[in-house]
Amino acid sequence: MRTLPRWSLLVAVTVAVTYPLTLVGVPSAALFAALAVGIALALSSLAPTRVPRPAGIAAQGVLGVYIGTMVDQNAVHALGPHWPIVIAVAVATLLLSVVCGALLSLHRDVTPLTGSLALVAGGASGLVAIARELGGDDRVVSVVQYLRVALVTASMPVVVTLVYHADKSHPGAVMTQSDSAPWYLSIGMLIALVLVGATVGKLIRLPGAGLLGPLALTVLLEVTGLDFGLSVPMVLVQLAYALIGWQAGLAFTRDAMRAVGRLLPTAIGLIVVLSVATAGLGVVLAHFAGLTPLEGYLATSPGGVYAVLATAVETGSNVTFIIAAQVVRILLMLFAAPLLARSMVWLNSRLTRQSRAMTPASREPISVAD
């Protein structure tokens, strides 16, 4: 009860900030708003101390199921015979991300694992959700990940117009959604997927089991056609975004803010390098898959999925193929990034001393098993 006024203030201000961000089309507006509001109130000593652990784990599960519903049979079939080159490009994007993350970790305020997670080009909200559990600093990961999404999204109209000279006079058709299941069936499936996915993920020692376990089960149901029209109510998605944003934002201190500020110039430079490199991969994909240069660029864009979809529709591009390639990228990043990040930490420990962590030693990682 003593913290009720602080929680009321946090919720009220977050809702007030989320609404206008949603109107202007900011991706994952609730997460971005919750992160910013959490930081502001934490630095003002007006925020709760932390998000309860069960709430954070539940948010991971809801987000995992929501991301999994992006997959459908039509998207998988859209890749056709070109799936090997799509996967190869996604793997190359992952490797580029990890290399950029390693360069970011040369900064004295960033550990190798945190650097790797911070610059992985895909699944920003998912990686923020599991960063602390994996042993990384979710404050750095959240700021750099959403800086990546913001820069890629903001630059896309400029690049499409000036570089690819896109013609928006012949818009394409928007992808249609299949009928959704009744809300009570979706809620029941959601609860079952979160509980079973997190439990099985823990048993098989899956990194980030709270997110990746439900995600894996949902993808399996979607691909096999056994999803029964599963859809996650948007109010639950927004709540999950808010909890994940608060989880990172409430942990900020003035020292942490100064450290993040010091690494931003380096992070921006690496994001630009990553964007240019993935645009080069788009040229390769366009050549082998018979796409236009613009479609190759949109299919390999390292972020801003909603902006990619809108641009693809406006320019009459191959929407189904582009979204299928983007889904492959996001899923690969979410599943492979934790494993590669940990591998980098192991390799770094063999070669050199790990840099100083920003996360205080007394701050315990989230335990999915709890």
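Computed from a predicted model, the values in this text were never measured in an experiment.

J.: Can you help me understand the overall build of the protein chain in this one?
T.: Summing up its helical and strand segments, the protein chain has 15 helices and zero strands in all. Within the protein chain, contacts between residues separated by at least 24 positions form 80% of all contacts whose residues are at least 6 apart in sequence. Approximately 16,900 Å² of the protein chain is accessible, and the part contributed by carbon and sulfur atoms is 68%.

J.: Mind showing me how you'd approach helix H11 (residues 234-249) here?
T.: One full turn of an α-helix is made of 3.6 residues, so residues set three or four places apart face in the same direction. Over its 16 residues, H11 extends 22 Å from the first C-alpha to the last, a length consistent with the 22 Å expected when each residue adds 1.5 Å. Within the sequence span of H11, burial applies to Val237, Ala240, Tyr241, Ala242, Leu243, Ile244, Gly245, Trp246, Gln247, Ala248 and Gly249. The secondary structure elements touched by the buried residues of H11 are helix H1 (4-23), helix H2 (29-43), helix H3 (53-68), helix H7 (124-131) and helix H8 (138-162).

J.: Looking at this structure, how should I read the side chain of threonine 14?
T.: Checked against the element boundaries, threonine 14 lands in helix H1. At 2.6 Å, the side chain of threonine 14 and the backbone oxygen of leucine 10 are in polar contact. When neighbours within four sequence positions are excluded, threonine 14 is seen to be in contact with Ala30, Ala33, Ala34, Val37 and Trp246.

J.: Which parts of the structure should I look at to understand the pattern of salt bridges?
T.: Oppositely charged side chains may form a pair once their charged atoms are brought near each other. Counted under the stated rule, the structure contains two salt bridges. Here aspartate 255 and arginine 258 are joined by a salt bridge, their closest N and O atoms 2.3 Å apart. Of this pair, aspartate 255 and arginine 258 both sit in helix H12 (residues 254-289), three residues apart, which is roughly one turn of the helix. Residue aspartate 255 is classed as exposed on the basis of its relative accessible area, which comes to 54%.

J.: Before we go on, may I ask you to explain the packing of aromatic side chains in this structure?
T.: For any pair of aromatic rings, the description rests on two quantities: the centre-to-centre distance and the angle between the ring planes. Here the structure, examined in full by the defined rule, presents three aromatic pairs. A centroid spacing of 5.9 Å and a plane angle of 70 degrees characterise the contact between tryptophan 7 and tryptophan 246, whose relative ring orientation is edge-to-face. Taken together, the positions of tryptophan 7 in helix H1 and tryptophan 246 in helix H11 put the pair 239 residues apart, joining distant regions of the chain. A relative accessible area of 21% means that tryptophan 7 is categorised as partly exposed. Classification of tryptophan 246 by relative accessible area gives buried; the value is 6%.

J.: What should I look at first to understand the confidence of the model for the protein chain in this one?
T.: Detailed reading of the predicted coordinates is not advisable wherever pLDDT falls low. Residue-level pLDDT values for the protein chain average 82, and 86% of them are 70 or greater. Between the elements of the protein chain, mean pLDDT differs from a low of 70, seen in helix H4 (residues 73-78), to a high of 92, seen in helix H13 (residues 293-300). Residue range residues 354-370 is modelled with pLDDT below 50. Its contacts to residues more than four positions away, or to other chains, number 50 contacts.

J.: It is not clear to me how the packing of helix H5 (residues 83-104) against H12 should be interpreted in this structure. Could you clarify?
T.: Helix-helix packing is described using two parameters, namely the angle between the two axes and the distance between the axes. The contact between H5 and H12 brings their axes to 10 Å, and the two run at 165 degrees. In terms of orientation, H5 lies roughly antiparallel with respect to H12. Note that H5 runs across H12; the crossing there is right-handed. Along the contact surface, H5 presents Ile85, Val86, Val89, Ala92, Thr93, Leu96, Ser97, Cys100, Leu103 and Leu104, while H12 presents Leu263, Thr266, Ala267, Leu270, Leu274, Ala277, Thr278, Leu281, Val284, Leu285 and Phe288. When its residues are assigned to classes, the contact of H5 with H12 shows 17 nonpolar, four polar and no charged.

J.: Even after reading the chapter, I still don't get H12, so can you show me in this structure?
T.: Along its 36 residues, H12 runs 49 Å from first to last C-alpha, staying within 8% of the 52 Å computed at 1.5 Å per residue. At leucine 264, H12 shows its maximal kink, close to 40 degrees; a proline, proline 265, follows between one and four residues later.

J.: Sorry if this is basic, but what is going on with unusual backbone geometry here?
T.: Apart from glycine, the bulk of residues carry a negative phi angle, and the bulk of peptide bonds sit in the trans form. In this structure, serine 45 takes a positive phi of about 60 degrees despite not being glycine. The phi dihedral of phenylalanine 228 is positive, around 55 degrees, even though this residue is not glycine. Within the secondary structure, phenylalanine 228 is located in the loop between helix H10 (209-224) and H11. For phenylalanine 228, a relative accessible area of 59% translates into the label exposed.

J.: Can you help me understand the packing of H3 against H11 in this one?
T.: Interaxial distance between H3 and H11 falls to 9 Å at its minimum, and their mutual angle equals 130 degrees. For the element pair H3 / H11, the angle class is oblique. Between H3 and H11 lies a crossing whose hand is left-handed. On H11, the residues touching Ala55, Gly56, Ala59, Val62, Leu63 and Tyr66 of H3 are Met234, Leu236, Val237, Ala240, Tyr241, Leu243, Ile244 and Gln247. Of the residues assigned to the contact of H3 with H11, the class counts are 12 nonpolar, two polar and no charged.

Basis of the calculations
- Residues numbered from 1 in each chain as written.
- Predicted model: local features only at pLDDT ≥ 70, side-chain atom pairs only at ≥ 80, totals over all residues.
- Heavy atoms only, no water.
- Helix = DSSP H or I, 4+ residues; strand = E, 2+ residues; numbered from the N terminus.
- Contact = heavy atoms within 4.5 Å.
- Areas by Shrake-Rupley, 256 points an atom, 1.4 Å probe, with all protein chains shown as cover.
- Expected span 1.5 Å × (residues − 1).
- Buried < 20%, exposed > 50% of the residue type's maximum accessible area, 1.4 Å probe, protein only.
- Polar contact = N/O pair within 3.5 Å; in protein donor to acceptor, adjacent residues only side chain to side chain.
- Salt bridge = Lys/Arg side-chain N within 4 Å of Asp/Glu carboxyl O.
- Phe/Tyr/Trp six-rings, centres within 6.5 Å; stacked < 30°, edge-to-face > 60°.
- pLDDT = per-residue confidence, 0-100.
- Axes fitted to C-alpha atoms, helices over the stretch in contact; angles between N-to-C directions.
- Parallel < 35°, antiparallel > 145°, perpendicular 65-115°, else oblique.
- Left-handed = near helix turned anticlockwise from the far one by under 90°.
- Nonpolar A, V, L, I, M, F, W, Y, C, P; charged D, E, K, R; others polar.
- Bend = angle between axes of the 7 residues up to and from the residue.

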